[in-house]
Amino acid sequence: MQSNYQIFHRRQDIGKRISLLHREEQLSVGIIDCGTPEELSTALDAYITGTGWALHVMMHEEQGRIPELRAAYPEVTFIVFSNPPSLGAQINAMADECYTTYFFITRSDLRIINFDDTGAVKLLKRSDHPAIATPLLTNKLQEMLPSIQAPMLRGGRIDPVPFFPDGTLLATLYPFQGLGCYERALFQRLRGYDEQIKSDYYQCLDLGIRCWLFGYPVVNLPSLSFHFFNRQSVVEDRSDQVGMQRCHTKALCIRQINGKNYTRRWGRLTDTRLLHTEVKKRLPLYKTDFFQLVDQWVAPKAQP
């Protein structure tokens with residue numbers, strides 16, 4: 001929410017500011033500050049020298065020295081939260097503040113291997129209208145991370161199965177750690193990340209499933225590739241968290257039968273209030289249900 005953060009806008013020369021009055025910038029890059037000050041500086045230097053896109057940094061005010069950062073990086077906009085924010089809150093703020101057609105989310109502890117921004121925008125313009133183009137990720141040993149997720153139900157709950165990328169365009173259930181290129185207008189029509197879910201993993205899972213069920217794929221683009229330069233293991237926290245019922249209610253309490261949508265409770269993982277106040281109102285938006293998505297999903301071949 002706006003009251004939870006402050007914006008420190010980048011400085012622009014007057015010529016560029018006037019030219020932007022008559023057109024919208026195509027892409028901006030949002031860097032989530034999640035490491036050391038040195039890592040953030042290195043990431044900013046790489047984007048400033050390697051791209052021409054507008055840069056935003058999302059951070060908690062205890063993490064940085066804003067006057068010094070603004071003096072060192074006058075061309076960067078800083079979105080500074082007064083309390084430690086969730087992943088979804090940071091990306092929602094980026095979407096609200098960047099005013100570009102597309103935005104790309106990365107992290108300060110990632111390094112660029114290949115930033116195919118042109119390919120990402122081209123993918124998002126495809127006729128089947130993907131919602132997010134996600135990157136290929138490697139760890140500090142240059143090993144591929146299993147960031148492709150296939151939908152699965154196990155033990156009455158959603159439990160996606162991870163796969164390794166295979167170098168081709170692949171469907172994936174959700175953006176791993178929120179990373180990827182988004183179309184801003186579509187992201188906001190889909191209502192962005194659910195900040196009432198208190199788990200980064202379930203926030204990403206919830207958004208990805210909504211994209212798919214509303215008819216917008218999430219696709220892994222191997223020409224977008226990034227490197228966790230200081231981490232060997234990158235593991236999601238899939239433990240039960242406050243709000244996980246919201247994700248399951250939006251995903252599993254909808255059934256499509258003969259092309260018509262119905263609501264149905266999903267046991268103890270149903271948020272009854274949400275089902276009646278929000279999900280039922282959005283029934284016409286569902287193009288399929290999660291059970292059909294599982295049945296129709298074509299997962300990449302398992303790798304040894």
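Keep in mind it's a predicted model, so treat the numbers as computed, not measured.

### A short note on the packing of helix α8 (residues 244-252) against helix α9 (residues 272-279)
(1) Moving on: In the contact formed by α8 and α9, the axes pass within 9 Å of each other and the chain directions differ by 50 degrees. Compared by their axis directions, α8 and α9 come out oblique. Our pair here, α8 against α9, has a crossing hand that is right-handed. For the pair formed by α8 and α9, the contact residues are R246, T249 and K250 on the first element and L274, L275, E278 and V279 on the second.

### Topic: the confidence of the model for the protein chain
(1) Moving on: In this model, the protein chain carries an average pLDDT of 92, and 93% of its residues clear a pLDDT of 70 or more.
(2) Moving on: With pLDDT under 50 throughout, residues 13-23 is counted as low confidence; its partners more than four residues away or in other chains account for six contacts.

### Details of the packing of helix α7 (residues 200-213) against α8
(1) Moving on: With their axes 9 Å apart at the nearest point, α7 and α8 run at an angle of 10 degrees to one another. In terms of axis orientation, α7 runs roughly parallel to α8. In this structure, α7 uses Y202, L205, D206, I209, R210 and L213 to contact α8, whose residues at the interface are M244, R246, C247, H248, K250 and A251.
(2) Moving on: Among the residues forming the contact of α7 with α8, the class breakdown is seven nonpolar, one polar and four charged.

### Some points on the pairing of strand β3 (residues 54-60)
(1) Moving on: Judged by how many residues are buried, β3 sits mostly within the fold: seven of seven residues are covered.
(2) Moving on: What you see with β3 is no split at all: A54, H56, M58 and H60 on one side and L55, V57 and M59 on the other are buried throughout.
(3) Moving on: Sheet analysis places strand β2 (residues 27-32) next to β3, joined by five bridges and oriented parallel. Bridge pairing in β3 links I32 to M58.
(4) Moving on: The handedness of the β2 to β3 crossover, carried by helix α2 (residues 37-50), is right-handed.
(5) Moving on: Note that β3 and strand β4 (residues 76-81) share six bridges and pair parallel. Across the sheet, H60 pairs through a bridge with F81, a residue of β4.

### Points about the packing of aromatic side chains
(1) Moving on: Under the defined criterion, the tally for this structure stands at 14 aromatic pairs.
(2) Moving on: Centre to centre, the rings of F104 and F226 are 5.4 Å apart; their planes meet at 25 degrees, and the pair counts as stacked. Here F226 lies in strand β14 (residues 218-228) and F104 lies in strand β5 (residues 102-107), a separation of 122 residues in the sequence. The same class applies to F104 and to F226, which are both buried.
(3) Moving on: Each ring, one from Y174 and one from Y201, has its centre 5.9 Å from the other, and the planes form 80 degrees; the classification is edge-to-face. Of the two residues, Y174 sits in the loop between β12 (170-171) and β13 (180-183) while Y201 sits in helix α7, which places them 27 residues apart along the sequence.
(4) Moving on: Overall, Y174 belongs to the buried group, its relative accessible area being 0%.
(5) Moving on: Judged by its relative accessible area of 5%, Y201 falls in the buried class.
(6) Moving on: An aromatic cluster is present here, built from Y47, F104, F115 and F226 joined pairwise through their rings.

Definitions and limits used
Residues numbered from 1 in each chain as written. Predicted model: local features only at pLDDT ≥ 70, side-chain atom pairs only at ≥ 80, totals over all residues. Heavy atoms only, no water. Axes fitted to C-alpha atoms, helices over the stretch in contact; angles between N-to-C directions. Helix = DSSP H or I, 4+ residues; strand = E, 2+ residues; numbered from the N terminus. Parallel < 35°, antiparallel > 145°, perpendicular 65-115°, else oblique. Left-handed = near helix turned anticlockwise from the far one by under 90°. Contact = heavy atoms within 4.5 Å. pLDDT = per-residue confidence, 0-100. Nonpolar A, V, L, I, M, F, W, Y, C, P; charged D, E, K, R; others polar. Buried < 20%, exposed > 50% of the residue type's maximum accessible area, 1.4 Å probe, protein only. Pairing = 2+ DSSP bridges. Right-handed = clockwise from strand over helix to strand, strands pointing away. Phe/Tyr/Trp six-rings, centres within 6.5 Å; stacked < 30°, edge-to-face > 60°.

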